[in-house]
Structures are given as structure tokens and as C-alpha cells.
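# Observations on the three-dimensional arrangement
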Amino acid sequence: MRRWMVAGNWKMHTTIGEAETISKAIKEGTKDIDKGEIVLAPPYTALYAVHKVIKDSHIALAAQNMYFQDKGAYTGEVSPIMLKDTGCAYVIVGHSERRKYFYEKDEEINEKVKKVLSTGLKPIVCVGETESEREKGITEFVVGMQVKKALFGVTDMEHIVIAYEPVWAIGTGKNATPMEAETVHRFIRHIIGDVYGDSVAQNLQILYGGSVTPDNIGALIAMEDIDGALVGGASLKAESFTGIIRKVAEKR
Ligand code: PEP
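Residues numbered from 1 in each chain as written. Predicted model: local features only at pLDDT ≥ 70, side-chain atom pairs only at ≥ 80, totals over all residues. Heavy atoms only, no water.

Okay, the overall build of the protein chain next. Per the secondary structure count, the protein chain includes eleven helices and eight strands. Over its C-alpha trace the protein chain gives a radius of gyration of 17 Å, about what one expects of a compact globule, namely 18 Å for 252 residues. Burial status across the protein chain gives 55% buried among its 252 residues. Counting contacts in the protein chain only where the partners sit at least 6 residues apart, residues at least 24 apart contribute 71% of the total. Averaging the positions of the 31 positive and the 34 negative side-chain charges in the protein chain gives two centres separated by 3 Å. (Helix = DSSP H or I, 4+ residues; strand = E, 2+ residues; numbered from the N terminus. Rg over C-alpha atoms; globule rule 2.2 N^0.38 Å. Buried < 20%, exposed > 50% of the residue type's maximum accessible area, 1.4 Å probe, protein only. Contact = heavy atoms within 4.5 Å. Lys, Arg positive; Asp, Glu negative; His and termini not counted. Charge placed at Lys NZ, Arg CZ, Asp CG, Glu CD.)

Our next topic: the site of the ligand. Around the ligand, 14 residues are found, and the nearest of them are K11, E165, G171, S211 and G232. At a separation of 2.9 Å, an oxygen atom of the ligand approaches a polar side-chain atom of H95. Separating an oxygen atom of the ligand from a backbone N or O atom of G232 is a distance of 2.8 Å. Across the shell around the ligand, the residue classes break down as four nonpolar, eight polar and two charged. (Near = heavy atom within 4 Å. Polar contact = N/O pair within 3.5 Å; in protein donor to acceptor, adjacent residues only side chain to side chain. Nonpolar A, V, L, I, M, F, W, Y, C, P; charged D, E, K, R; others polar.)

This brings us to the packing of helix α1 (residues 16-29) against helix α2 (residues 44-54). Between α1 and α2, the shortest axis-to-axis distance is 9 Å and the interhelical angle comes to 30°. One way to sum up the angle between α1 and α2 is to call them roughly parallel. In this structure, the crossing between α1 and α2 has a hand that is right-handed. On α2, the residues that touch I16, A19, E20, S23, K24 and K27 of α1 are T45, A46, A49, V50, V53 and I54. Class assignment of the residues belonging to the contact of α1 with α2 gives a composition of seven nonpolar, two polar and three charged. (Axes fitted to C-alpha atoms, helices over the stretch in contact; angles between N-to-C directions. Parallel < 35°, antiparallel > 145°, perpendicular 65-115°, else oblique. Left-handed = near helix turned anticlockwise from the far one by under 90°.)

All right, on to the side chain of T86 then. With respect to the helices and strands, the residue T86 is situated in the loop between α3 (80-85) and β4 (88-93). On the accessibility criterion, T86 (18% relative accessible area) is buried. There is a polar contact of 2.7 Å between the side chain of T86 and the backbone oxygen of L83. Apart from the residues lying within four places of it in its own chain, the contact partners of T86 are L47, Y48, H51 and L61.

Under the definition given, this model contains three aromatic pairs. When the ring of Y67 is compared with that of Y74, the centres are 5.0 Å apart and the planes differ by 50°; the resulting orientation is tilted. One Lys or Arg, R98, reaches over the ring of F102 and ends 4.3 Å from the middle of that ring. (Phe/Tyr/Trp six-rings, centres within 6.5 Å; stacked < 30°, edge-to-face > 60°. Lys NZ or Arg CZ within 6 Å of the ring centre and 35° of its normal.)

Our next topic: the pattern of salt bridges. The final tally for this structure, using the stated rule, is 17 salt bridges. R189 is the partner of D225 in a salt bridge, and the nearest nitrogen-oxygen pair spans 2.6 Å. On the criterion of sequence distance, the pair formed by D225 in the loop between α10 (217-221) and β8 (228-231) and R189 in helix α8 (residues 178-196) is long-range, its members being 36 residues apart. Of the residues examined, D225 reaches a relative accessible area of 7% and is grouped as buried. Taking relative accessible area as the criterion, R189 reaches 4% and is therefore assigned buried. Between R252 and D227 there is a salt bridge; the shortest N-O distance is 3.5 Å. Of this pair, R252 sits in the segment after α11 (238-251) while D227 sits in the loop between α10 and β8, and the two are 25 residues apart along the sequence. In this structure R252 comes out as buried when scored by relative accessible area, which is 18%. Each of R2, E182, R186, R189, D225, D227 and R252 takes part in one network of salt bridges that share partners. (Salt bridge = Lys/Arg side-chain N within 4 Å of Asp/Glu carboxyl O.)

Now the structure itself:
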């Protein structure tokens, strides 16, 4: 059985003090949960503060992005070595907001995935179609290309997590139905199976992301190929994030 994961993406929210308060409350509210993986992705400025709160606990730290060089004259960028040094275990790569606002392309995402892995961190690779792509009936084509391009040349599949996040469901309150999400998750597992073999595909964690709340997670996590959630808005309140984690832990 695959392990579940619930990851909170705090985006460009929280001061250091707010991040400490939320992470302490999440740690306290989930301290009896001893299976699965809980991951917090605060902004860069709060990473080390949150690391100090959650170190030696059942919660892991993630960054929301990084640059694919170790160091150098790249003003404003942060390297995976620096992220490892702050206590990160994961890095979110290729989030749709980075694709949309910062023009990240699949080739750059692939460089990042490889760099994250070679640094000894684990990427949470985000893929997902826009509303117009879904309306045109090309969801699987788009998601399939994103997955293949992000993982081009990657052999170390054991440390990869994929998050299927339909762009039209992120921050909109419109989430994919459990069956819509399951169909794409199953498709992703199928193409991973074609490239890497069935046992790699069966062990791959695939998260759903897009307006997940404590009210809708139960039906999503009941799906066979949904292994957890990448949560934005609802991860900023300890009560709702803890509620999502509890529902996942109950069902898995
Ligand atoms: C996200 O940012 O990855 C996300 C899924 O956001 P939200 O849960 O707010 O839709």
C-alpha cells in the first residue's frame, strides 16, 4: 500500500511569526498521527523558523521552488543546497502559478527535478490542464506531455511525488470531482508504467490539488489512485489543514 501524503503550500503568505504559530498548531493537532507524511511548504523567509518548530517531529519541510544551480551569480535565486541546509526534504517544482506568472517551461522544470534529486531532496512535481484545455478534450495529452517532459532522463523514481492540479481548480473553490481526478491519476500511473514499469507506477505517490477542504477530501481520498493532497488555501488555517489530514489518515 502506498503511503499517503498531505502537503500544505502556503504560497506568498505568512510572516515568520505567523508561520511559527500555524506550524506549532499543526504539529500539536496531528501529534497522534503516526502514518503517512505531512509536509509544510512555507515561503523561503519562514523555512528555517518552521524547521525549528517541526524538526524531530512527524512533519517534513518543503520549499515552493528553487533554481537548478548550486551557487553563483543568480541574483534573487535560491539553490537546493541552501534549501537542504534549512531542513527541507522536499521541493515543489512546476506549480501552475510558476508556469503562469514566471513563464516556467517544461525544460526548466526538468532541470529542477534532476537537480532536486541529485541534491538528495525529493521533488513534488506539479502538472495539470487549464480550463480551456479540459474543454477542448486534451487533458490527458497536456498532462501526459508535462509528466514526460518533467521526468525526461530521470531514473530515480523512488523519490518522485507527482501532484495533479487542474489549473481551473486552484484557488477557485471548484474542485475536480473524485472521478475526474481519479481518471487523470490513473492515466498518469499508466504512462509511468509504460516508461518505468508497473512496480514503479504502483509505488508512485500521486497527490490531488485544487480547492481541497475538509469537506471534499473524504471522497477524493477514497479513490484508488489518489494518494493524498497538495493543499493551498486550506493549509493556512491549522484547523482546516488538520481536518484534511485526519480525514486522509482515517480512510487510508
Ligand atoms: C495549490 O496551491 O497547489 C492549491 C491546490 O491551492 P488551493 O488548495 O488553494 O486550490
